[in-house]
Amino acid sequence: MSASGTTGVEPVMAAPWAPTDPSSALKITNVRTICTAPDGVRLVVVKVETNEPGLYGLGCATFTQRPMTVVSAIEEYLKPFLVGRDPNDIEDIWQASHLSSYWRSGPVLNNALSGVDMALWDIKGKRAGVPVYQLFGGRTRKAADVYVHANGRDVHDLEDRVREVTEAGFRHVRVQMEVPGMATYGAYGSQIAPPPGQPVQSGRLAIEQKAWEPRPYCRQTPAMFEHLRSTLGEEVELLHDVHERVPPMMAIQLAKDLEPYKLFFLEDLFSPEDVDYLRILRAQSSIPVAIGELFVNQHEYVPLVRDRLLDFMRVHVSDIGGLTPARKLATLCEFFGVRTAWHGPNDTSPVGHAAQLQLDLSVSNFGIQEVMHIPDRTREVFPGTPEVRDGAMWSNEAPGLGIDIDEELAAKYPFPEHPFNGAWPEIRRTDGTVIRP
Ligand code: MG
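Residues numbered from 1 in each chain as written. Predicted model: local features only at pLDDT ≥ 70, side-chain atom pairs only at ≥ 80, totals over all residues. Heavy atoms only, no water.

**Things to note about the overall build of the chain**
Link 1 in the chain: From N to C terminus, the chain includes 14 helices and 15 strands.
Link 2 in the chain: Looking at the chain as a whole, 56% of its 437 residues qualify as buried.
Link 3 in the chain: Within the chain, counting contacts between residues at least 6 apart in sequence, those at least 24 apart form 72% of the total.
Link 4 in the chain: Counting every atom, the chain has about 18700 Å² of accessible surface; 53% of that belongs to carbon and sulfur. (Helix = DSSP H or I, 4+ residues; strand = E, 2+ residues; numbered from the N terminus. Buried < 20%, exposed > 50% of the residue type's maximum accessible area, 1.4 Å probe, protein only. Contact = heavy atoms within 4.5 Å. Areas by Shrake-Rupley, 256 points an atom, 1.4 Å probe, with all protein chains shown as cover.)

See below:
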């Protein structure tokens, strides 16, 4: 008699359900990376191809400081894992890919995953014949308000830069100013357009190799806001990025000093390693807190949302793994009164911008979208790059993410030579100590 009962028939375990039905008509046939730097910023884009003629998707996998590690993660590991699967199964592919390395998360693997994930949403939108935001529940606004950067050498120069962008129709402006003699984050000119004949530079490439001390910056910044509010008035929304360089208690004092100037938000007052100081800050200050561009793991951001320690979630969508996790994060944030402000510098590729725009348009708790000037040469490589006008980013209403890549043109702009192969420059105090950037 068998151990299973009296019938003599052994129970047969059903094979585990697997979503890749052998009879499925649609399959992933190739996963490719495209590297291009039309305006000097190293961009990595993923193209997921299918067996349906002409049907493919694009995704952003740009980790500009370590781009070739992402290329390797995609070409050598994700591609063999994904070819033959049904691209309809976005959630299943995300979960299976995420776990396929056993050790998971981090900017390399998350960016690789993002490239594939965004491309799958692009494919799904194209098949449905609608922009991806329609698959997310449809629009909740006509366009996504953006903020741009204004950077000055001194208060007068900065005031001029702010006037320049507000006259161009922008209502939200991030203001940064040089600290004389120091390697100040973000002080590198205007970003409506580069000076004639000069390439657009990522701010991090333009930081001069000087020392940095937090005290002069903390003295200067309230005075900077005092000047801007007294000359520009209260209408313009002003934002500022501390960029995690200031010791925590000095940063809390800075936040309190800035309260009278009614900032739209104050960003990255603390490094990811110091986010527990947000609890102390919240007990002392009502300044609106934006944080998160460096987060790469849900354990970094879920507790902050749950405990209502921030007002704007700044994660870089490709650095947390693409649209699939970002949608879930946006929903989590909605329940806790936190608004979205996805990181959007020029090392977010135009594909990344087109992807996060789908969230900006559809989530009810949208806050603001960061954008920098996207030069014409980059727009030529990426036809369909979202338009920025009237202080907002607009959908072109094309199916999917609404963006394409001209691969022939992209190939004309290989990654440029770069000191330290693209590493973030060291920031040091006057005694030589390396500090968080
Ligand atoms: Mg920032």
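Additional details are given in the paragraphs that follow.
**A short note on the sheet that holds strand S1 (residues 28-36)**
Link 1 in the chain: Pairing is antiparallel across the open sheet formed by 3 strands, whose spatial order is S1-S2-S3. Looking at the sheet topology across the chains shown, the edges are occupied by S1 and strand S3 (56-60). Within the sheet, the average angular offset between the axes of one strand and its neighbour, ignoring direction, is 20°.
Link 2 in the chain: In this structure, S1 lies alongside strand S2 (residues 43-50), joined through 8 bridges in antiparallel fashion. In the sheet register, Ile 28 faces S2, and the bridge partner there is Thr 50.
Link 3 in the chain: With respect to the sheet, helix H1 (residues 67-82) is in contact with S1 and S2, its orientation differing from that of S1 by roughly 175°. (Pairing = 2+ DSSP bridges. Axes fitted to C-alpha atoms, helices over the stretch in contact; angles between N-to-C directions.)

**Regarding empty space enclosed by the protein**
Link 1 in the chain: Enumeration according to the criterion identifies 6 cavities of 30 Å³ or more in this entry.
Link 2 in the chain: What the largest cavity holds in volume is close to 120 Å³.
Link 3 in the chain: Taken together, 14 residues line the largest cavity, and the ones lying closest to its centre are Leu 43, Asn 346, Ile 374, Pro 375 and Thr 378.
Link 4 in the chain: Each of domain 1 (22-130) and domain 2 (135-398 + 425-435) accounts for three or more of the residues forming the lining of the largest cavity. (1 Å grid on protein atoms, 1.4 Å probe; cavity = no way out; pocket = protein on both sides within 12 Å on 5 of 7 lines; lining within 4 Å. Points joined across faces, edges and corners; volume = space filled by probe spheres on them. Domains from an automatic or database assignment.)

**What about the layout of surface pockets?**
Link 1 in the chain: Taken as a whole, the largest pocket encloses approximately 500 Å³ of empty space.
Link 2 in the chain: The wall of the largest pocket is formed by 21 residues, among which Phe 63, Gln 65, Glu 293, Leu 294 and Trp 424 lie closest to the centre.
Link 3 in the chain: Looking at the lining of the largest pocket residue by residue, the class counts come to 7 nonpolar, 6 polar and 8 charged.
Link 4 in the chain: Residue assignment places the lining of the largest pocket across two domains, with domain 1 (22-130) and domain 2 (135-398 + 425-435) each supplying three or more. (Nonpolar A, V, L, I, M, F, W, Y, C, P; charged D, E, K, R; others polar.)

**Let's talk about the coordination of the magnesium ion**
Link 1 in the chain: For the magnesium ion, the protein coordination sphere consists of Asp 241 (OD), Glu 267 (OE) and Glu 293 (OE), at 2.1 to 2.3 Å.
Link 2 in the chain: Exposure remark for Asp 241: the relative accessible area of 2% places this residue in the buried category.
Link 3 in the chain: For Glu 267, a relative accessible area of 0% puts it in the buried group. (Donors = N, O, S within 2.8 Å, 3.2 Å for Na, K, Ca; no water.)

**A word on helix H10 (residues 298-306)**
Every α-helix carries 3.6 residues per turn, so stepping three or four residues along brings you back to the same face.
Link 1 in the chain: Those residues of H10 lying buried are Tyr 301, Leu 304 and Val 305. Down the axis of H10, the sector holding all buried residues measures 100°, keeping them to one side.
Link 2 in the chain: At the N-terminal boundary of H10, the capping side chain belongs to Asn 297, with an oxygen 2.8 Å from the backbone nitrogen of His 299. (Arc of directions from axis to C-beta. Polar contact = N/O pair within 3.5 Å; in protein donor to acceptor, adjacent residues only side chain to side chain.)

**Points about the side chain of Gln 220**
Link 1 in the chain: With respect to the element layout, Gln 220 can be found in helix H7 (residues 214-232).
Link 2 in the chain: Take Gln 220: its relative accessible area is 16%, and that puts it in the buried class.
Link 3 in the chain: Excluding residues that lie within four positions of it along the chain, Gln 220 makes contacts with Met 177, Glu 178, Val 179 and Pro 180.

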